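Spelled out, the chains give:
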Amino acid sequence: QIIFLFGTEILKAGWLKAFPEKIINLHLGISPFYRGSGTLFWPFFHNELHFVGATVHVTAAKVDAGGILGHALPELEPGDNFYTINMKAIAKGIAVTPRLGIEYLRGSRIPQPQDTSVGRLCRKGDFGETALSKALSTIPTAGLSEEAITQINRLKRDYKFSN
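Since we're looking at a predicted model, the values are computed, not measured. (Residues numbered from 1 in each chain as written. Predicted model: local features only at pLDDT ≥ 70, side-chain atom pairs only at ≥ 80, totals over all residues. Heavy atoms only, no water.)

Peer 1: Please clarify how the overall build of the protein should be interpreted in this entry.
Peer 2: The helix and strand inventory of the protein stands at five helices and six strands. Ordering the α and β elements of the protein from the N terminus gives β-α-β-β-α-β-β-α-β-α-α. In terms of overall dimensions, the protein is globule-like: its C-alpha atoms have a radius of gyration of 16 Å, near the 15 Å expected for 163 residues. Dimensions along the principal axes, computed over C-alpha positions, put the protein at roughly 50 × 35 × 25 Å. Each of the 163 residues in the protein was classed as buried or not, and the buried ones make up 42%. Long-range pairs, those at least 24 residues apart, make up 69% of the contacts in the protein between residues at least 6 apart in sequence. Per element, the accessible surface of the protein, about 9100 Å² overall, is 56% carbon and sulfur. (Helix = DSSP H or I, 4+ residues; strand = E, 2+ residues; numbered from the N terminus. Rg over C-alpha atoms; globule rule 2.2 N^0.38 Å. Buried < 20%, exposed > 50% of the residue type's maximum accessible area, 1.4 Å probe, protein only. Contact = heavy atoms within 4.5 Å. Areas by Shrake-Rupley, 256 points an atom, 1.4 Å probe, with all protein chains shown as cover.)

Below is the structure:
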């Protein structure tokens, strides 16, 4: 048996104790680089679009710190904007989660530990109108160009994202 989470609050310890290593979280954001709250938003704010995506991980007591089962990175196209990129990241995460969960249950996918000393822990309190304006300004009104996508893909290759 396994429990899948998506978009929930932080679980209380009782859940983790009742279902040890059996709760899988679809985390919107690339862990360990973006953990916490609003983790699809902050890569835009910091102009790090190569960290837009989702992470499937085993739930742990520490926020977004459980072993990673895989990452889901959206396929970007010319004209993509803040909204289409976010929707692609969510759709890709939803699409890969069942497969990763099944592989984990069968023992063919081993959770990879996260190094939570890297990356950012994002907090709701940091979000506001100024942050939103800055994040939305990272992509031109016409959307991403071919050149921008090439640069983002180059940066993605510098990291070892698991899928």
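Peer 1: I keep staring at the pattern of salt bridges and nothing clicks. Help me out?
Peer 2: In this structure the tally under the stated criterion is six salt bridges. Two residues, Glu48 and Arg120, come together in a salt bridge whose shortest N-O distance is 3.7 Å. Here the residue Glu48 occupies a position in the loop between helix H2 (42-45) and strand E4 (54-58), and Arg120 occupies one in strand E6 (residues 120-122), the gap between them amounting to 72 residues. Note on Arg120: relative accessible area 32%, which makes it partly exposed. Among the charged side chains, a salt-bridge network with shared partners connects Glu77, Asp80 and Lys88. (Salt bridge = Lys/Arg side-chain N within 4 Å of Asp/Glu carboxyl O.)

Peer 1: Any chance you could explain helix H5 (residues 146-157) here in plain terms?
Peer 2: The end-to-end C-alpha separation of H5 is 17 Å, in line with the 16 Å expected for 12 residues at 1.5 Å each. Buried residues of H5: Ile149, Ile152 and Lys156, and no others. Summarising the axial view, the buried residues of H5 lie within an arc of 65°, below the 170-degree limit, and thus occupy one face. Exposed positions of H5 whose direction lies more than 90 degrees from the buried face are Glu147 and Arg157. (Expected span 1.5 Å × (residues − 1). Arc of directions from axis to C-beta.)

Peer 1: Got a minute to help me understand the environment of Arg154 in this structure?
Peer 2: One can find Arg154 in helix H5. Arg154 gets classed as partly exposed once you look at its relative accessible area, which sits at 46%. C-alpha of Arg154 to C-alpha of Lys124: the two residues are 30 residues apart in sequence and 30 Å apart in space.

Peer 1: So what exactly am I meant to see when it comes to the environment of Thr150 here?
Peer 2: The topology assignment puts Thr150 in helix H5. Note: C-alpha distance between Thr150 and Leu76 (74 residues apart in sequence) is 9.5 Å.

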